[in-house]
Amino acid sequence: MLRRMDIYDHPSFRMACQQFDLVADHLQMPESERARVKYPKRAVTVALPIHRDDGSVQVFPGYRVQHHLALGPTKGGLRFHPDVTLGEVAALAMWMSWKCALMGLPYGGAKGGIACDPAQLSQAELERLTRRYTQEMIPFIGPQIDVMAPDLGTNEQVMAWMMDSYSVHIGAAVPSIVTGKPVALGGSQGRREATGRGVGYLVNRATDTIGLDISKATAAIQGFGNVGSVAALSLARYGVKVVAVSDVFGGVYNANGLDLWGLEKHVAAQKTVVGFSEAEPITNEQLLVLPCSILVPAALERQITAANAGQIQCRIIAEAANGPTTPEADEILNQRPEIFVIPDILCNAGGVVVSYFEWVQDLQSFFWGETEVVDKLFRLLESAFTRVVSLSRKQKIPMRKAALALGVERVQKAKRIRGLFP
Ligand code: NAD
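This one's a predicted model, so the numbers in the text were calculated from it and none came from an experiment.

Draft legend 1. Geometry of the overall build of the protein. Looking only at helices and strands, the protein features 14 helices and 12 strands. Relative to a compact globule of 422 residues, whose C-alpha radius of gyration would be 22 Å, the protein shows 20 Å and is just as compact. Split into buried and exposed, the 422 residues of the protein put 59% on the buried side. By sequence separation, contacts in the protein at least 24 residues apart represent 69% of the contacts at least 6 residues apart. When the accessible area of the protein is evaluated, it comes to approximately 17200 Å², of which 54% is carbon and sulfur surface.

Shown next as structure tokens:
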């Protein structure tokens, strides 16, 4: 079994497996059930030829991994990034499974990706690549089979092209094939903001839990895309002073707090936070160890490692990104009780929760207002936060282990009750 699963080998997949093994031990999961709960059910690899604008043809690799089918369709984002591999996508699909189960959603986890640099492709090329990927995926997706959403490097427009390509194939509009689409196509109010808004809500709950005055708190945020930029604004609304942000090109720092509106305008024009006039430059490495109350990794996996975990100087780590902390870093953080970790599968769950609301609205063709969406989102996050904190306290285990235990156990139960099929 293990040898055949070598196709997924990747640092992030090894990390997801290590986390799973620790939790399976904690749950005393029988050996006979482990491989079935742990490994992805299906993986699809496709070659995607497209015409570049200069008339040449280029082939891009594309992937989709569907982790388990026991609770409903699979659900998960689509990533455009040069380093995407099958193994990375498999790790992200596993995390999606535990996240959906923790939040009580009727989904298995999935993830997809295309190894490409979206910044090097024109809009027309991106559209051809997205449509080609959707076409290749048609036998493996559907509103009751597998539903995609935006992730790193993809956005509402990419989802709109996917929805259109699938609908053309079916011969009727099928909005429920993707979530995170524009509201004009059956997207949900509040979906674009959902992940960052959820981060803000949970950080506020964490400050209550550890007795930190949020109006005196400072934050440093790595990644200023969809999630990082909305998390910054959301934290600012709770009274937090955002002192540093970064992106793939570098970061900016102002001890008195960054002017977030000015920064948004700068990013809209320059496509990077770098060069923002009212701040000093800072590197991504420096940002992670900056003295601040709240550290928000909102970019890539494996940013908090054994090399920097000992130097982190915050009170709360809010994991907006998926998999930002390695198991070796976890061991160091577990020895530092002054740091409260909101683990990724809880911290960034706002995105998939509102994706679920979008799917439900599309299936019923009955749409909700933003207040209703946000109210329902906060209720689900509140319930999950309370369950994770109380399990962590009751069993004296780290927050990550508690969150994963709740998610993994639900999948294990579903598989056990159903039998060997899903
Ligand atoms: P995005 O593409 O909108 O933004 C990503 C940001 O990270 C950009 O500012 C980019 O410049 C920066 N970045 C990329 N590589 C970097 C590097 N090496 N160092 C520093 N910064 C870097 O993506 P997003 O949707 O905001 O996703 C960010 C993270 O949140 C990812 O881990 C994603 O899986 C996770 N996530 C996203 C959603 C969602 O709804 N979009 C939901 C849950 C989790």
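Structure's up, so let's keep going.
Draft legend 2. Local environment of the sheet that holds strand β10 (residues 294-297). Across the sheet, 7 strands lie side by side as β9-β8-β7-β6-β10-β11-β12; this open sheet has mixed pairing. Since the sheet does not close on itself, it has two edges, and those belong to β9 (280-282) and β12 (340-342), each with one partner. Strand-to-strand twist in this sheet, taken as the mean axis angle between neighbours without regard to direction, amounts to 20°. Here strand β8 (residues 250-253) runs beside β9; their pairing, made up of 3 bridges, is antiparallel. Residue pairing in the sheet places Y253 in a bridge with E280 of β9.

Draft legend 3. Broad picture of the nonpolar core. In terms of nonpolar packing, the biggest core is built from 94 residues, with W98, V245, L258, L263, V296, I342 and L346 touching the most fellow members. For this core, the leading source of residues is helix α3 (residues 86-102), giving 13 residues. Lining this core are residues from two domains, each supplying at least three of them: domain 1 (6-176) and domain 2 (194-347). Not counting chain neighbours up to four residues away, the residues in contact with V245 comprise I221, F224, G251, V252, L258, L263, V273 and L287. Counting 26 residues, the second largest nonpolar core, distinct from the first, contains V44, L48, M137 and V158.

Draft legend 4. Representation of helix α14 (residues 399-418) within the structure. Counted at 1.5 Å a residue, the expected span for α14 with its 20 residues is 28 Å, and the 29 Å between its end C-alpha atoms agrees. Within the span of α14, buried status applies to M399, R400, A402, A403, L404, A405, G407, V408, V411, Q412, A414 and K415. Of the residues flanking the end of α14, it is G419, one or two places downstream, whose phi is positive at about 115°.

Draft legend 5. Region of the structure containing the packing of aromatic side chains. One pass over the full model with this rule turns up 10 aromatic pairs. Between F20 and W98, the ring centres sit 5.7 Å apart and the planes meet at 25°, which makes this aromatic pair stacked. With F20 in helix α1 (residues 11-26) and W98 in helix α3, this residue pair connects regions lying 78 residues apart in the sequence. When sorted by exposure, F20 lands in the same class as W98, which is buried. An angle of 35° between the planes, with centres 6.5 Å apart, marks the rings of Y356 and W359 as tilted.

Calculation notes
Residues numbered from 1 in each chain as written. Predicted model: local features only at pLDDT ≥ 70, side-chain atom pairs only at ≥ 80, totals over all residues. Heavy atoms only, no water. Helix = DSSP H or I, 4+ residues; strand = E, 2+ residues; numbered from the N terminus. Rg over C-alpha atoms; globule rule 2.2 N^0.38 Å. Buried < 20%, exposed > 50% of the residue type's maximum accessible area, 1.4 Å probe, protein only. Contact = heavy atoms within 4.5 Å. Areas by Shrake-Rupley, 256 points an atom, 1.4 Å probe, with all protein chains shown as cover. Pairing = 2+ DSSP bridges. Axes fitted to C-alpha atoms, helices over the stretch in contact; angles between N-to-C directions. Core = buried A, V, L, I, M, F, W, Y, C linked by side-chain atoms within 4.5 Å. Domains from an automatic or database assignment. Expected span 1.5 Å × (residues − 1). Phe/Tyr/Trp six-rings, centres within 6.5 Å; stacked < 30°, edge-to-face > 60°.

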